[in-house]
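Residues per chain, in single letters:
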Protein chains: 2
Amino acid sequence: MELLKRRILQDGKCYPGGILKVDSFINHQMDSKLMYHVAEEFARLFADSGANKIVTIEASGIAPAIMVGYIMNLPVVFVKKKQPKTMENMLTTTVHSFTKNRDYTVCISHDFLTADDRILFIDDFLAYGNAAQGIIDLADQAGAQIAGMGFIIEKAFQHGRDILIEKGIRVESLAIIQSLENCEITITDQA
Amino acid sequence: MELLKRRILQDGKCYPGGILKVDSFINHQMDSKLMYHVAEEFARLFADSGANKIVTIEASGIAPAIMVGYIMNLPVVFVKKKQPKTMENMLTTTVHSFTKNRDYTVCISHDFLTADDRILFIDDFLAYGNAAQGIIDLADQAGAQIAGMGFIIEKAFQHGRDILIEKGIRVESLAIIQSLENCEITITDQA
């Protein structure tokens, strides 16, 4: 996605340790028009996926996910990082965060993820694929199918895609970072 | 907002202690079309507010906020509940959660909240007004003005509005819950 790649090269900031900061337009301050274009692109890519529901994980996945849901006319569910005391019928799994170097428990109500669902997972980043694996585990517990997974930015050098492809999941990323070596952003849109 | 009120009466669930659960259409599973209509209503109400930026707080405020931003053609910033290690130039404040009975620190980058900003705060619930007061504190620290605050649902019996009105802030809620006594939802759209 050309618009997104240009924006990443223009406004993305690179930090040691393979960190790409896009907090001026994607995951802290958000460019609402860009986010809509991102969602249109996901909707186009997954138009034939047979998804009946969008799933994301709080917090940075919510903005693209709600717009994809709006364009595709589908409900959106966000997996929560804190377990609300009123949540009934809860499914949980553990996700490891490399960035924060800790495990955390995430949850979704079984009421909104069932064996009738075929979900499209939308998130801001694909890195090591840990959040995505958490979603696969939740879907397995619920008996739900996965129609595909869409990421705004993929860090190819962290190889999360390999794990997902091995499980037979269709993966679409709108900008693929090949390298952040020497704090230089090398980018493509082909996996 | 008639559509919203009807939906709350139809799908909202009431729990002892003044808890209204709307997790099938607003803050866990989200009805993307309803969310768009909610955003259109906020955009209409605040069209003349002079806001140059939408601010919300993760996680449930993000979906309505990004859509308001899209419709009003404004950037959206979400205040974070965890402090990212790469955030520079950070402003923080403490918010008390009555629901969870604890204080937590929230943060926003000063880069995205400055003395040039006139912000519209959007959130899912107005209850005691604690999150809103956190936003006021962050805006004060940044020297930013507040153009208004919009809430999808207000729990009038928890009186958050009074605190905000006293500070001269314009408050708009799209559905106002007068009472949840005996687990019966009494609702209006006038404050």
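Conventions and cut-offs
Residues numbered from 1 in each chain as written. Chains lettered and ligands numbered in written order. Predicted model: local features only at pLDDT ≥ 70, side-chain atom pairs only at ≥ 80, totals over all residues. Heavy atoms only, no water. Helix = DSSP H or I, 4+ residues; strand = E, 2+ residues; numbered from the N terminus. Contact = heavy atoms within 4.5 Å. Patch = residues over 30% accessible without salt bridge, like charges linked within 9 Å, V, L, I, M, F, W, Y side chains within 5 Å. Areas by Shrake-Rupley, 256 points an atom, 1.4 Å probe, with all protein chains shown as cover. Salt bridge = Lys/Arg side-chain N within 4 Å of Asp/Glu carboxyl O. Lys, Arg positive; Asp, Glu negative; His and termini not counted. Charge placed at Lys NZ, Arg CZ, Asp CG, Glu CD. UniProt positions renumbered as here; feature names shortened; annotations may be inferred. Buried < 20%, exposed > 50% of the residue type's maximum accessible area, 1.4 Å probe, protein only.

Novice: Teacher, can you tell me more about the environment of isoleucine 119 of chain A here?
Specialist: All names here are of chain A. Considering the arrangement of structural elements, one finds isoleucine 119 in strand β8 (residues 118-126). For the pair isoleucine 119 and serine 173, spaced 54 residues apart in sequence, the C-alpha separation works out to 17 Å. In this structure isoleucine 119 touches Ala51, Asn52, Lys53, Val55, Leu113, Ile135, Ala139, Gln145, Ile146, Ala147 and Gly148, once residues within four positions along its chain are discounted.

Novice: Help me understand a positive patch on the surface, please; the structure alone is not making it clear to me.
Specialist: Where like charges cluster on the molecular surface, the positive patch consists of Lys81, Lys82, Lys100 and Arg102 of chain A together with Lys81, Lys82, Lys100 and Arg102 of chain B. Checked against the element boundaries, lysine 82 of chain B lands in the loop between β5 (76-79) and β6 (90-97).

Novice: What should I look at first to understand the UniProt feature "binding site: 5-phospho-alpha-D-ribose 1-diphosphate" (unreviewed entry) in chain A in this one?
Specialist: All names here are of chain A. Residues given the UniProt feature "binding site: 5-phospho-alpha-D-ribose 1-diphosphate" (unreviewed entry) here are Ala127, Tyr128, Gly129, Asn130 and Ala131. Mapped onto the elements, asparagine 130 comes out in helix α4 (residues 130-142). For asparagine 130, a relative accessible area of 19% corresponds to the buried category. In this structure, asparagine 130 is in contact with Val95, His96 and Phe98, ignoring residues within four places of it in sequence. Here alanine 131 lies in helix α4.

Novice: Even after reading the chapter, I still don't get unusual backbone geometry, so can you show me in this structure?
Specialist: Along the chain, glutamate 58 of chain A connects to alanine 59 of chain A via a cis peptide bond; the corresponding omega equals 5 degrees. Inspection of the secondary structure puts alanine 59 of chain A in the loop between β4 (53-57) and α3 (62-72). One non-glycine residue with positive phi stands out, namely asparagine 182 of chain B, at about 55 degrees. The topology assignment puts asparagine 182 of chain B in the loop between β10 (171-179) and β11 (186-188).

Novice: Even after reading the chapter, I still don't get the UniProt feature "binding site: xanthine" (unreviewed entry) in chain A, so can you show me in this structure?
Specialist: Residues annotated by UniProt as "binding site: xanthine" (unreviewed entry) correspond here to Leu20, Asn27 and Lys155 of chain A. Within the fold, leucine 20 of chain A resides in strand β2 (residues 19-21). Apart from residues no more than four positions distant in its own chain, leucine 20 of chain A is found in contact with Ile8, Gly12, Lys13, Phe125, Ile153, Lys155, Ile177, Leu180 and Ile185 of chain A. Here asparagine 27 of chain A is in contact with Val22, Ser60, Asp124 and Phe125 of chain A together with Phe78 and Lys80 of chain B, once residues within four sequence places are set aside.

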